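A look at the structure
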Amino acid sequence: MKVKKGWLAVQVGLEEQNGFQKFVIPISYLYHPLFQRLLGKAYEFYGYHANGPLRLPCSVDDFLHLRWQIEKEASGCGVFAWFDPPICARVQL
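So, how was this worked out
Residues numbered from 1 in each chain as written. Predicted model: local features only at pLDDT ≥ 70, side-chain atom pairs only at ≥ 80, totals over all residues. Heavy atoms only, no water. Helix = DSSP H or I, 4+ residues; strand = E, 2+ residues; numbered from the N terminus. Buried < 20%, exposed > 50% of the residue type's maximum accessible area, 1.4 Å probe, protein only. Pairing = 2+ DSSP bridges. Phe/Tyr/Trp six-rings, centres within 6.5 Å; stacked < 30°, edge-to-face > 60°. Lys NZ or Arg CZ within 6 Å of the ring centre and 35° of its normal. Axes fitted to C-alpha atoms, helices over the stretch in contact; angles between N-to-C directions. Contact = heavy atoms within 4.5 Å.

Topic: the environment of Glu44
Structurally, the position occupied by Glu44 is in helix α1 (residues 33–46). Glu44 sits in the exposed class, given a relative accessible area of 58%. Separated by 13 residues in sequence, Glu44 and Pro57 have C-alpha atoms that sit 9.5 Å apart.

Thoughts on the pairing of strand β1 (residues 7–12)
Summarising the sheet, β1 and strand β2 (residues 21–26) pair through six bridges and their orientation is antiparallel. Counterpart to Val12 in the pairing with β2 is Gln21.

Describing the packing of aromatic side chains
This structure, assessed with the given rule, holds four aromatic pairs. Considering the side-chain rings of Tyr43 and Tyr48, the 4.3 Å spacing of their centres and the 35° angle between planes classify their relative orientation as tilted. Summarising the aromatic geometry, the rings of Phe45 and Tyr46 are spaced 5.9 Å apart at their centres and angled 50° between planes, so their arrangement reads as tilted. What makes Tyr46 partly exposed here is its relative accessible area of 24%. One cation-aromatic arrangement involves Arg55 over Phe20; the distance from NZ or CZ to the ring centre is 4.2 Å.

Quick look at the sheet that holds β2
Spatially, β2-β1-β3 is the arrangement adopted by the three strands of the open sheet, whose pairing is mixed. Only two strands of the sheet have a single partner each, and these edge strands are β2 and β3 (54–56). Shown here is a sheet whose adjacent strand axes are inclined to one another by a mean of 40°, direction ignored. Packing against the sheet, α1 makes contact with β2 and β3, and its axis sits at approximately 105° to β3. Against the sheet, helix α2 (residues 60–74) contacts β1, β2 and β3, and its axis sits at roughly 15° relative to β2.

Here is the structure:
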């Protein structure tokens with residue numbers, strides 16, 4: 001998969017579910033606190049030296065919600081977004 005500059009390909013999913021789905025996200029997500037928590041969970045699951053694209057141990061639905069929260073904050077609509085419960089709580093981030 002060819003990815004434009006400033007973007008990153010990731011695989012999202014839980015192995016016990018229907019496998020992984022590919023997404024392309026902006027690099028800026030890597031600096032968001034919610035996304036960093038998900039990266040920490042990815043480290044716990046896969047370590048730093050995993051082969052292939054970055055895998056995120058989160059359901060696709062939870063990842064889509066996380067992406068929505070980040071985009072909502074970036075658009076200026078999420079004044080109280082920092083008070084929302086953490087995304088992927090069901091996978092114990």
